Protein chains: 4
Amino acid sequence: MEIERSFKPYLTSHVWFHTVNRTVLGGPVGRSSHVCFNFWLLSLDTGLTQGILERLESGEVVIGDGSFLITLEKRGYVKAGLWTPEAVIEHPDAVRQLHMEFLRAGSNVMQTFTFSASEDNMESKWEDVNAAACDLAREVAGKGDALVAGGICQTSIYKYHKDEARIKKLFRQQLEVFAWKNVDFLIAEYFEHVEEAVWAVETLIASGKPVAATMCIGPEGDLHGVPPGECAVRLVKAGASIIGVNCHFDPTISLKTVKLMKEGLEAARLKAHLMSQPLAYHTPDCNKQGFIDLPEFPFGLEPRVATRWDIQKYAREAYNLGVRYIGGCCGFEPYHIRAIAEELAPERGFLPPASEKHGSWGSGLDMHTKPWVRARARKEYWENLRIASGRPYNPSMSKPDGWGVTKGTAELMQQKEATTEQQLKELFEKQKFKSQ
Amino acid sequence: MEIERSFKPYLTSHVWFHTVNRTVLGGPVGRSSHVCFNFWLLSLDTGLTQGILERLESGEVVIGDGSFLITLEKRGYVKAGLWTPEAVIEHPDAVRQLHMEFLRAGSNVMQTFTFSASEDNMESKWEDVNAAACDLAREVAGKGDALVAGGICQTSIYKYHKDEARIKKLFRQQLEVFAWKNVDFLIAEYFEHVEEAVWAVETLIASGKPVAATMCIGPEGDLHGVPPGECAVRLVKAGASIIGVNCHFDPTISLKTVKLMKEGLEAARLKAHLMSQPLAYHTPDCNKQGFIDLPEFPFGLEPRVATRWDIQKYAREAYNLGVRYIGGCCGFEPYHIRAIAEELAPERGFLPPASEKHGSWGSGLDMHTKPWVRARARKEYWENLRIASGRPYNPSMSKPDGWGVTKGTAELMQQKEATTEQQLKELFEKQKFKSQ
Amino acid sequence: MEIERSFKPYLTSHVWFHTVNRTVLGGPVGRSSHVCFNFWLLSLDTGLTQGILERLESGEVVIGDGSFLITLEKRGYVKAGLWTPEAVIEHPDAVRQLHMEFLRAGSNVMQTFTFSASEDNMESKWEDVNAAACDLAREVAGKGDALVAGGICQTSIYKYHKDEARIKKLFRQQLEVFAWKNVDFLIAEYFEHVEEAVWAVETLIASGKPVAATMCIGPEGDLHGVPPGECAVRLVKAGASIIGVNCHFDPTISLKTVKLMKEGLEAARLKAHLMSQPLAYHTPDCNKQGFIDLPEFPFGLEPRVATRWDIQKYAREAYNLGVRYIGGCCGFEPYHIRAIAEELAPERGFLPPASEKHGSWGSGLDMHTKPWVRARARKEYWENLRIASGRPYNPSMSKPDGWGVTKGTAELMQQKEATTEQQLKELFEKQKFKSQ
Amino acid sequence: MEIERSFKPYLTSHVWFHTVNRTVLGGPVGRSSHVCFNFWLLSLDTGLTQGILERLESGEVVIGDGSFLITLEKRGYVKAGLWTPEAVIEHPDAVRQLHMEFLRAGSNVMQTFTFSASEDNMESKWEDVNAAACDLAREVAGKGDALVAGGICQTSIYKYHKDEARIKKLFRQQLEVFAWKNVDFLIAEYFEHVEEAVWAVETLIASGKPVAATMCIGPEGDLHGVPPGECAVRLVKAGASIIGVNCHFDPTISLKTVKLMKEGLEAARLKAHLMSQPLAYHTPDCNKQGFIDLPEFPFGLEPRVATRWDIQKYAREAYNLGVRYIGGCCGFEPYHIRAIAEELAPERGFLPPASEKHGSWGSGLDMHTKPWVRARARKEYWENLRIASGRPYNPSMSKPDGWGVTKGTAELMQQKEATTEQQLKELFEKQKFKSQ
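Under an unreviewed UniProt entry, chain A has the name Betaine--homocysteine S-methyltransferase and belongs to Pan paniscus. UniProt annotates chain A under Pathway (unreviewed entry) with the comment "Amino-acid biosynthesis; L-methionine biosynthesis via de novo pathway; L-methionine from L-homocysteine (BhmT route): step 1/1."

So, about the relation of the copies chain C and chain D. Once chain C is rotated about the relating axis by 180 degrees and shifted along it by 0.0 Å, it coincides with chain D to within an RMSD of 0.0 Å. In short, the pair behaves as if placed about a two-fold rotation axis. Among all C-alpha atoms of chain C, that of Pro-303 of chain C lies closest to the rotation axis, at 1.7 Å. Counting the interface residues of chain C, we find that 100% of their copies in chain D are interface residues as well, pointing to one common contact surface.

All names here are of chain A. As annotated by UniProt and renumbered to match this structure, "binding site: Zn(2+)" (unreviewed entry) occupies Cys-247, Cys-329 and Cys-330. A maximum C-alpha distance of 6.3 Å is found for the annotated residues, which run over 84 residues; spatially they form one tight group. Mapped onto the secondary structure, Cys-329 falls in the loop between strand S10 (325-326) and helix H14 (334-343). When sequence neighbours within four positions are dropped, the list of residues in contact with Cys-329 reads Gly-66, Ser-67, Asn-246, Cys-247, Gln-277 and Pro-278.

This part covers the pairing of strand S9 (residues 273-277) of chain C. Residues and elements named next belong to chain C. Counting buried residues in S9 gives five out of five residues, a clear majority hidden from the surface. Bridge analysis of strand S8 (residues 242-246) against S9 gives five bridges, and the strand direction is parallel. Residue pairing for S9: Asn-246 is matched across the bridge by Gln-277. This β-α-β element, S8 to helix H12 (residues 251-267) to S9, shows right-handed connectivity. Both S9 and strand S10 (residues 325-326) contribute to a ladder of two bridges, which runs parallel. Opposite Ser-276, over in S10, you have Ile-326 as the bridge partner.

This paragraph deals with the packing of aromatic side chains. One pass over the structure, following the stated rule, counts 60 aromatic pairs over all chains. With centroids separated by 5.7 Å and ring planes inclined at 70 degrees, the aromatic side chains of Tyr-158 of chain C and Trp-199 of chain C adopt a geometry described as edge-to-face. Separated by 41 residues along the polypeptide, Tyr-158 of chain C in helix H8 (residues 158-161) and Trp-199 of chain C in helix H10 (residues 194-204) bring together distant segments of the chain. Per residue, the accessibility class of Tyr-158 of chain C equals that of Trp-199 of chain C, and both read buried. The rings of Phe-299 of chain A together with Trp-309, Trp-361, Tyr-381 and Trp-382 of chain B are connected pair by pair, giving a single aromatic cluster. Taking the ring centre of Tyr-393 of chain D as reference, the NZ or CZ of Lys-399 of chain A above it sits at 4.8 Å.

All chains considered together, the criterion is met by 106 salt bridges over all chains. Notably, a salt bridge pairs Lys-159 of chain A with Glu-192 of chain A, separated by 3.6 Å at the nearest N-O pair. Of this pair, Lys-159 of chain A sits in helix H8 (residues 158-161) while Glu-192 of chain A sits in the loop between strand S6 (185-191) and helix H10 (194-204), and the two are 33 residues apart along the sequence. Look at Glu-192 of chain A and you get buried, because its relative accessible area is 4%. As a salt-bridge pair, Asp-285 of chain C and Arg-304 of chain C come within 2.9 Å of each other at their nearest N and O atoms. Taken together, the residues span a long stretch of sequence, with Asp-285 of chain C in the loop between S9 and helix H13 (308-321) and Arg-304 of chain C in the loop between S9 and H13 at a distance of 19 residues. Of the two residues, Asp-285 of chain C and Arg-304 of chain C, neither departs from the other in class, the shared state being buried. Where salt bridges share partners, they join Arg-55, Glu-60 and Asp-145 of chain A into one cluster.

Residues and elements named next belong to chain A. Segmenting chain A into domains produces domain 1 (52-356) and domain 2 (358-388). In this structure, domain 1 and domain 2 have C-alpha centres spaced 32 Å apart. Taken together, the contact between domain 1 and domain 2 spans ten residues of the former and six residues of the latter. Both sides of the domain 1 and domain 2 interface together cover about 670 Å² of buried area, and 58% of this is carbon and sulfur. By the criterion of area lost to domain 2, the three top residues of domain 1 are Trp-309, Gln-312 and Glu-342, representing 63% of everything that side buries. The interface formed by domain 1 and domain 2 includes zero salt bridges. Summed over the shared surface of domain 1 and domain 2, the number is three residue pairs in polar contact (both at pLDDT 80 or more). Breaking the side of domain 1 that touches domain 2 down by element, the ones donating at least two residues are helix H13 (308-321) and H14.

Let us look at the confidence of the model for chain A. Residues and elements named next belong to chain A. Here chain A shows a mean pLDDT of 86. Residues at 70 or above account for 82%. In the predicted structure, residues 1-47 sits below a pLDDT of 50 and forms 100 contacts with residues beyond four places in sequence or in another chain. For residues 405-414, every residue scores under 50 in pLDDT, and the model assigns this stretch 25 contacts once sequence neighbours within four places are set aside. With a pTM of 0.88, the predicted complex shows an ipTM of 0.88.

Opposite the 103 residues of chain C that make contact, chain D presents 103 residues. Surface buried jointly by chain C and chain D totals about 9,100 Å² across both partners, of which 54% is contributed by carbon and sulfur atoms. It is Phe-299, Lys-357 and Trp-372 of chain C in chain C that bury the most area against chain D; as a group they hold 9% of the surface buried on that side. Scanning the region where chain C abuts chain D turns up 14 salt bridges.

Parameters and conventions
- Residues numbered from 1 in each chain as written.
- Chains lettered and ligands numbered in written order.
- Predicted model: local features only at pLDDT ≥ 70, side-chain atom pairs only at ≥ 80, totals over all residues.
- Heavy atoms only, no water.
- UniProt positions renumbered as here; feature names shortened; annotations may be inferred.
- Least-squares fit on C-alpha atoms with pLDDT ≥ 70 in both.
- Contact = heavy atoms within 4.5 Å.
- Helix = DSSP H or I, 4+ residues; strand = E, 2+ residues; numbered from the N terminus.
- Buried < 20%, exposed > 50% of the residue type's maximum accessible area, 1.4 Å probe, protein only.
- Pairing = 2+ DSSP bridges.
- Right-handed = clockwise from strand over helix to strand, strands pointing away.
- Phe/Tyr/Trp six-rings, centres within 6.5 Å; stacked < 30°, edge-to-face > 60°.
- Lys NZ or Arg CZ within 6 Å of the ring centre and 35° of its normal.
- Salt bridge = Lys/Arg side-chain N within 4 Å of Asp/Glu carboxyl O.
- Domains from an automatic or database assignment.
- Buried area = accessible area lost by both parts, 1.4 Å probe.
- Polar contact = N/O pair within 3.5 Å; in protein donor to acceptor, adjacent residues only side chain to side chain.
- pLDDT = per-residue confidence, 0-100.

Below, the structure is given as structure tokens:
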């Protein structure tokens with residue numbers, strides 16, 4: 001294939017962004033199928049990249065990045081339960097490598113690996129972590145067509161204290177590092193309560209940089225019962241230019257939520273760009289609180305992981321809904337991001353660098369020895385295959401835990417100690433009572 | 001926890017290997033449960049590492065590494081269908097990083113990433129690839145307690161030509177690089193036919209280095225019908241010191257095959273060390289030819305991926321069977337290798353570096369906010385959980401393809417071109433006929 | 001057990017109804033567990049039975065009967081597709097036997113087997129069929145404690161014609177036979193549109209007999225979008241004394257609908273007795289139109305059939321919701337009805353005759369040879385068992401057909417001829433378009 | 001359709017057997033598809049029926065009957081755990097009706113409902129039960145083209161006593177009633193040990209009537225490890241003219257066993273007719289002891305029930321294997337027997353009476369209102385549909401109980417009392433130990 005021979009600029013240049021001779025892309029826009037890009041031209045001699053809002057306003061698709069915490073947990077650098085990003089100082093090579101993989105896969109945003117990196121979670125290390133994360137993101141972004149986004153998330157103290165001043169201070173501390181490191185824009189993500197998300201937006205807009213805000217909610221709305229449409233309205237009124245959802249639910253459910261947000265904005269005659277960064281897990285059985293409550297979280301989620309074809313479907317559906325900032329959250333590995341870039345290649349006019357190592361719709365199998373494996377090098381094959389779980393002794397859905405606690409209560413207070421036998425016993429009693 | 005505070009030598013030293021004060025490990029040896037290692041002592045001041053045979057003969061457990069092709073395909077550096085390791089020269093950072101992750105996870109062997117890197121597959125690049133792969137493996141092995149193994153696998157020409165001289169020459173070419181780079185031992189792996197595996201062993205033993213040989217077969221034996229016990233006997237007679245299986249089947253099926261090999265050796269009064277490097281996929285529905293024939297191969301295997309707990313179970317069962325070289329093949333990510341090291345920590349007396357970021361049996365969840373998530377920080381929870389697939393519209397098992405072709409025929413000739421419409425039609429006709 | 005010895009009046013008498021010495025039933029009312037009824041006394045020397053409303057008003061549980069069409073299709077007397085009850089004249093023994101089984105199982109109502117037996121479906125045979133059905137129901141009802149209910153259902157012409165006069169005439173014709181045969185009360189069931197159900201109630205109340213009305217709708221309401229609460233209100237205002245749902249959905253979904261009906265009545269300050277006769281199939285994957293649209297209807301529903309334990313759970317939940325007329329529809333076999341009677345035996349004070357052949361919660365297994373089968377003679381065993389489908393190549397849920405047709409259109413016109421190739425092709429095209 | 005109009009002789013005559021004008025059956029013999037029988041002629045004016053061996057020797061297909069114990073348990077006349085046929089005297093109408101349904105469905109054999117009706121199980125009632133069962137079978141057989149077979153099965157005492165004389169006496173007692181009632185031939189069925197089955201055959205052949213013998217074993221052979229081929233040889237040498245399997249396994253597994261029996265006979269140069277009467281349950285997860293050990297036995301087998309299409313497939317495969325006595329055991333309802341008769345209608349030249357109420361391959365749906373339901377009136381539809389279980393929280397396979405007991409031990413001694421708490425505790429301990 002032509003691609004193999006002509007597409008090797010990444011070996012000699014740090015500019016990885018290419019456009020396709022658009023004359024070859026004349027077909028109808030639908031689900032991409034064995035798209036052929038025969039001519040590649042270097043598009044970005046200058047190295048200048050447009051800002052996030054310019055891109056979105058011009059109708060361009062912006063591809064987000066994927067999962068850092070979950071991916072690096074599996075690689076050995078993040079501790080489940082804590083879910084903090086000290087790896088940026090402890091193992092910068094590992095973090096840099098993951099950024100590189102997302103960049104190669106097509107990401108246009110290098111989000112700083114600063115999830116939960118506020119002072120309340122990281123104590124004295126917080127500042128070093130935020131600074132190092134910015135440096136790593138910027139270093140890799142500079143090797144391709146990507147922007148750097150400084151990211152903050154919900155605090156662990158909102159549930160108990162709701163202390164607006166204290167919480168805003170935590171946000172402001174991280175923001176100061178982002179400003180110092182001059183990130184390109186800001187993301188407030190993973191909020192279960194719109195009130196706290198609004199506080200985040202209010203804090204971030206002070207910087208003058210564009211602000212994106214996403215909540216980890218489903219169609220039922222935030223944990224205080226505020227529906228998605230109203231959440232969207234409040235976030236935009238607070239100053240967010242881009243709104244949407246991230247984490248907690250699978251692509252299908254997440255896009256339902258984004259649709260409700262969109263309708264809420266339309267009803268309020270407000271405008272914002274739409275963003276979605278869902279899980280790469282199938283979660284048809286979640287309740288309002290998302291995948292945390294599934295019994296498989298976090299060490300038994302394997303069978304739920306989306307295939308690349310699931311993600312191509314998601315990318316198309318997000319695009320059709322009007323979402324233009326399309327990425328992923330927990331579970332999104334580099335090949336999932338590549339799947340977004342491949343699905344939307346006809347619209348964007350180019351493939352990501354990592355597609356050098358990927359035949360569209362399995363076309364790399366054309367050269368397989370076995371004829372029945374060669375026969376899988378077709379879009380129809382992968383689109384229609386109902387893949388098996390390989391686990392005949394297991395069910396297909398789970399009943400979420402949660403034991404009736406749907407909002408902040410004393411039970412949800414974070415503990416530093418292990419759960420005691422007595423606490424376990426109380427939980428089981430409660431669960432038993434509920435299941436009757 | 002004590003571990004967190006005391007176990008940070010990797011930051012100041014390149015020696016990562018530690019022993020436990022064995023006085024704290026007095027309990028009965030069973031499935032490990034919240035093993036506590038309160039005292040860590042530096043064990044290897046010298047940096048000298050023992051050879052593979054010395055280790056195995058002393059009864060030590062040797063932990064292999066995991067999946068390179070499949071893992072790097074998902075990271076964007078290997079092309080499915082080709083499955084060749086040109087990444088060692090194109091993207092050495094990515095390969096190095098993966099080696100590092102396996103080392104941190106507990107691997108005692110850095111296998112050179114030279115799968116399919118013989119001249120028939122890689123043409124003029126073959127020599128550079130083999131040399132670079134050796135350098136990368138050695139570089140990382142030097143940072144911990146690991147040996148370097150030079151690896152070769154079955155050729156693509158055996159099925160058509162069975163030209164012993166030509167095939168042995170291909171093996172010898174790679175061996176010459178391994179000798180030049182002075183690897184510690186050699187692995188001949190992924191053989192479907194014992195005849196070709198014996199040729200490989202015969203070639204490799206000329207080097208004087210220890211030779212391990214594994215076949216990608218199940219309990220039914222090799223593709224010419226030679227049973228596992230007889231395969232084992234032939235390999236040992238040819239000179240292999242370590243024999244076993246790799247790839248193609250899940251841990252459960254693979255250990256059945258190793259058991260048959262062991263019984264074959266015992267019946268023939270032969271001795272060898274046992275080795276297993278199975279898939280990290282559940283494949284209860286495979287036929288004789290393994291996971292290649294499953295309709296999900298290679299882009300829809302996600303729901304079959306083993307959990308860390310599945311792998312702990314595998315490690316224990318392998319150990320109980322007498323296997324002492326325990327690793328993995330396709331699908332094994334660093335956290336799977338860590339699971340082997342954690343399960344066998346009581347026997348080995350130490351945990352791997354990456355366990356710094358992993359609580360045994362989920363104990364990291366002890367600090368989670370939600371009480372029902374904290375309640376998951378228990379061995380009993382994860383051992384007994386029947387995790388859901390999240391795919392209610394999908395089945396739990398698939399019928400393998402294969403269409404009646406169980407051994408080398410003209411149909412299996414590798415093609416350079418895409419499958420034609422006519423060929424597809426013929427395949428579907430044949431499949432239709434068989435399913436009636 | 002005492003039951004075995006003392007409970008044999010059915011051999012010497014046609015009066016099957018017994019009460020328990022209530023002094024032995026002092027425990028708390030919950031899910032029944034190995035209920036022991038040591039003393040049986042003959043309660044009905046007179047043979048006089050109370051009317052349906054007297055029973056319900058006194059708080060008594062009335063147990064309905066089960067599936068005639070589906071059950072007799074499997075026995076060879078009803079034709080799927082037609083679903084008409086000509087068996088009452090062609091094979092009266094088969095129909096009588098099924099009535100007897102439901103009576104023995106605990107049914108208090110013998111519903112005339114007159115489903116779809118209006119003139120538009122049965123032509124000249126309609127009158128004979130209705131008369132014979134009444135005679136059979138009365139004959140069997142006389143052998144126990146059961147009432148006879150004359151039943152009508154929605155017409156096949158409503159969807160196209162909505163001709164109130166013509167439809168009411170069809171209802172009136174059946175009613176005249178019921179009046180002549182002096183049934184005890186009337187049931188208007190299986191209505192997808194509340195408008196037609198109201199017409200039925202308006203017709204039936206002219207007889208002066210009590211009228212029950214059930215719709216085959218789910219929580220989304222009737223096929224014109226009328227919500228369940230409003231359907232209930234209209235039916236009661238039209239004169240129905242008993243309202244609820246039957247058919248189309250499983251017990252769980254059906255009780256959700258009944259709950260909405262109950263709330264609708266409460267909001268309107270109306271009173272009526274509640275009735276539920278759901279499917280004995282698990283249908284979590286249904287859309288608004290119910291199980292007809294599931295791809296498995298009607299010849300592949302086997303794996304969805306409820307166990308007796310599922311039905312005990314349903315009976316308890318229905319009772320707790322306040323439903324006092326509890327029966328079943330398609331799929332309910334005699335043992336399912338027996339399960340209702342056994343679950344509610346503590347409240348009712350007696351077991352049905354067929355419990356002579358059934359140990360509560362599997363206690364009959366106490367005498368099994370194998371100890372592990374004996375160990376199944378426990379409530380906890382059957383309540384907690386997640387039974388396997390035995391079909392590892394099959395999914396757990398299906399996507400309903402329906403192709404976008406959610407209400408009456410020309411496409412839904414009944415045809416007398418087979419579907420043509422051209423019609424099939426058009427359907428597939430439409431389906432294909434929708435699934436993209 | 002022509003069938004509807006012309007096929008009504010059952011209303012005017014008690015002779016139900018018809019042949020097809022074979023000139024209309026010219027097509028190739030394969031899986032039947034919308035077979036049309038336009039002309040029906042009365043074939044049996046005389047009422048004389050050929051014996052079982054004459055039929056089989058002429059190559060005719062003999063269709064057995066189905067499940068009595070399980071079916072009548074669901075109808076309320078048999079007690080699970082006991083599994084004895086006292087219903088023949090307690091509720092003869094219910095037994096007669098089931099015989100009639102099987103006759104209408106196409107059965108050529110009315111097997112006396114005498115399973116477990118030996119003196120050791122039924123005490124003083126045994127003789128009345130055997131006599132009444134013969135009368136009922138003869139009465140119904142006379143209404144169609146069916147023979148009466150007297151049936152015996154394994155005793156409950158073989159496992160402990162192995163007292164040949166005592167066991168043969170039990171067999172002889174039943175045989176004496178069969179001789180008195182002049183049944184047409186004899187069936188020894190449901191034997192787990194070939195030794196006892198041989199005793200049964202030796203007893204039965206003394207009558208001079210043809211003897212069929214079936215064992216409830218799988219491909220692994222009898223519970224003492226005798227392989228199926230050798231079982232077959234011993235049974236034929238003992239005098240059985242017809243041999244095969246019944247119960248315990250699904251059709252697929254059962255036919256594998258029959259194939260092994262056939263091969264055993266061929267190797268020994270013996271001849272016998274082949275017979276199969278498998279379960280109508282899917283049991284891919286059984287171990288050697290069959291469905292009794294599945295956790296779902298006997299009250300949770302619903303999702304495993306075969307569809308009519310599964311049974312058509314079974315009938316075709318049995319026929320292709322050379323089996324000519326084709327019936328069913330537990331779970332076979334009348335519609336399953338009809339499916340055998342319909343699948344083999346092209347070979348036999350006629351349809352059973354109950355096909356009057358069944359369109360071949362769902363053709364009755366041609367007249368359904370909804371176009372997508374009409375579209376299901378096709379062989380391709382039902383053959384290819386992977387029906388859903390409707391149970392997303394359940395697995396597809398179960399692990400059989402059995403706890404290591406694979407042959408007669410003290411634990412298997414039948415008890416008359418309920419399992420004690422102490423016994424349950426011991427069982428759970430044993431199970432726990434084994435699962436580790």
